[in-house]
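Spelled out from the first residue to the last, the chains are:
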Amino acid sequence: MSTGEAVGGGNWFQRFLLPGFALKAVIIGGGYATGRELAEYFVPAGPWGGLAGMLLATLIWSVVAALTFALARAMNAYDYRAFFKGLLGPGWVLFEAAYLIFVVLIVAVFGAAAGAIGAATFGWPELAGSILLAAAILVTTAFGTAGVERLFKYASMLIYTVYALFIVFALTSFGDLIGQGFAAAPSPAGDWMAGGFTYASYNIVGAVVILPVLRHLTSRRDALIAGVVAGPLTMLPAILFFTAMMAYYPAIGAEILPSDFLLRQMDVPGFHVLFQVMIFTALLESGVGAIHAVNERIAGALESRGRPAPGPALRALIGAAILAGCMFIAVRVGLVDLIASGYRFLAWLFLAVFVVPLLGIGTYRLLRGGREPRPEVSS
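Residues numbered from 1 in each chain as written. Predicted model: local features only at pLDDT ≥ 70, side-chain atom pairs only at ≥ 80, totals over all residues. Heavy atoms only, no water.

1. Notes on helix H11 (residues 258-266)
In terms of burial, H11 is largely enclosed, as 7 of its 9 residues are buried. For H11, the set of buried residues is Pro258, Ser259, Asp260, Phe261, Leu262, Leu263 and Met266. One or two positions beyond H11, positive phi appears at Asp267, with a value near 55°. (Buried < 20%, exposed > 50% of the residue type's maximum accessible area, 1.4 Å probe, protein only. Helix = DSSP H or I, 4+ residues; strand = E, 2+ residues; numbered from the N terminus.)

What follows is the structure in C-alpha cells.
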C-alpha cells in the first residue's frame, strides 16, 4: 500500500481513539513519563497554576490536532513530507530541517531517561538503558505501520492502567499531603500561561508525526472528533501525575526523576518496578513514533518516484543511523539539560514553521473546501 493512500473504513477505535493514543505515545516520552517535563514547565506555577497551564496545553493540542487531521485527510497526505508540501509548498524544507532537530533532541531525551531509569532501578550503567531502548525501537519500527499501531494500542492500555494505580497509591500513601499542597498555594506562583504555551508548542508536532495512523478516517467529521479527543487523552496521565507531585511541592521541582522520588515515598512492593517498566514502554512508544515518521517520509518519497517502499532491513538501518547519534548526545548532555534548554528552542521553531501556517493557510483551505457530502450508506 502506498503511504499516500487512505485505508478508510476503520473501526471506531481506529477512527476516534487511535490518533489520540498515538499522539500520547509521541508526547509522553522521557520528560512527561518521568515527571521531569512537568517539573520544568508546570511546577514553578504552583498546584493551581500548573493545572491551569496543563488545561491550556490540552486546549491547544485539541485545536491544532483537529485542524491537522482534517487538512491531512483533505490533502490525502499521510506522511509529514506530503503534508508540508501541501501546506507550505517549496517552504516544506523548513519543516524538514526543524523535524530533524526535533528527532535528534527528543530521542536523545528518551535515551537519557532510559539510562537514568536503568541506573535508578537496577543499578545499570546509564549507557545500558539507552542501548536497550534503541534496540527495542529498531525492532518495532522495522515492520512498518501495522506493528506501530499495535504497539500504540496495547502500550496505551498498560500506561493508563499503571497511571490509575499510581494515583490510587499516591492518595492512600500521602493523599493528605496532596491536599495540603493545594491548600498551601491557592494562587499561581508563576507564569502558568507561558508554561502551558511552551509545553504545548514543542509537543504539538506530534500531530504531524502520527499522520500514518490517520488513514482509517472516513470523513472530515472523523478527523475533527479524533483531534478534539486527542488533547484530553494525551494530557490525562500527566494531570494525574502532576496531582501526586503536589504532595511534595515545591521541592519535587528539583528532582531529576520525580517519578522515582514519589515511588520511594509510596513504598508499594513491586509497583516501583512496574512503573519503571511502564515508563520504558512510554519511551519506546515515543521513540517509535519519531523514527517511524522518518521511515514513512522516506517511503512516501520513494513511492512517488515509482520505487518500492523500504523493507524491514532498510527501515532498521535508517533507524540505527538516527539512534546512534541521538544516544551519544543523551550520554554526553543528560536529561535535565536537554529538557531545560532544547525544548524551549523547539517551541518557537514549530510555532513558526507549523502552528502559524496551519492556523492561517490550513484553516483557509479547509474553509474554502466547503462541507463534505455525507457518505452514502449501503443498503
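So much for the structure itself; the text now carries on.
2. Some points on the nonpolar core
The biggest cluster of nonpolar side chains holds 122 residues, and the ones touching the most others in it are Phe83, Tyr99, Tyr199, Leu262 and Phe275. The residues contacting Phe83, other than those within four sequence positions of it, are Thr68, Leu71, Ala72, Met75, Ala77, Leu211, Phe354 and Leu358. (Core = buried A, V, L, I, M, F, W, Y, C linked by side-chain atoms within 4.5 Å. Contact = heavy atoms within 4.5 Å.)

3. Observations regarding unusual backbone geometry
In most cases, non-glycine residues show a negative phi, while peptide bonds are predominantly trans. Pro250 follows Tyr249 through a cis peptide bond whose omega is 5°. Inspection of the secondary structure assignment puts Pro250 in the loop between helix H10 (220-245) and H11. If you check the backbone angles, Asn76 has positive phi at about 55° while not being a glycine. Note on placement: Asn76 falls in the loop between helix H3 (46-75) and helix H4 (80-88). Owing to a relative accessible area of 37%, Asn76 belongs among the partly exposed residues under this scheme. Although it is not a glycine, Asp267 sits at a positive phi angle of roughly 55°. Assignment of secondary structure puts Asp267 in the loop between H11 and helix H12 (271-304).

4. Quick word on the packing of helix H7 (residues 144-184) against H12
For the pair H7 and H12, the least separation of the axes is 9 Å and the interaxial angle reads 150°. When the axes of H7 and H12 are compared, the pair comes out roughly antiparallel. Every pair of crossing elements has a handedness; the one defined by H7 and H12 is left-handed. (Axes fitted to C-alpha atoms, helices over the stretch in contact; angles between N-to-C directions. Parallel < 35°, antiparallel > 145°, perpendicular 65-115°, else oblique. Left-handed = near helix turned anticlockwise from the far one by under 90°.)

5. Quick notes on the side chain of Ser259
On the secondary structure map, Ser259 appears in helix H11. When neighbours within four sequence positions are excluded, Ser259 is seen to be in contact with Ala33, Thr34, Phe241, Phe275, Gln276 and Ile279.

6. Considering the packing of aromatic side chains
The final tally for this structure, using the stated rule, is 29 aromatic pairs. Ring centres of Trp12 and Phe13 lie 6.5 Å apart, and the angle between their planes is 85°; this geometry places the pair in the edge-to-face category. With a relative accessible area of 56%, Trp12 lands in the exposed category. Among the aromatic side chains, those forming a connected cluster through ring pairs are Tyr80, Phe83, Phe84, Phe95, Tyr99, Phe102, Phe350 and Phe354. Above the face of the Trp92 ring, Arg81 is positioned so that its terminal group lies 5.6 Å from the ring centre. Just above the ring of Phe13 sits the side chain of Lys153; from NZ or CZ to the centre is 5.4 Å. (Phe/Tyr/Trp six-rings, centres within 6.5 Å; stacked < 30°, edge-to-face > 60°. Lys NZ or Arg CZ within 6 Å of the ring centre and 35° of its normal.)

Worth remembering: the numbers are spatial, not functional.
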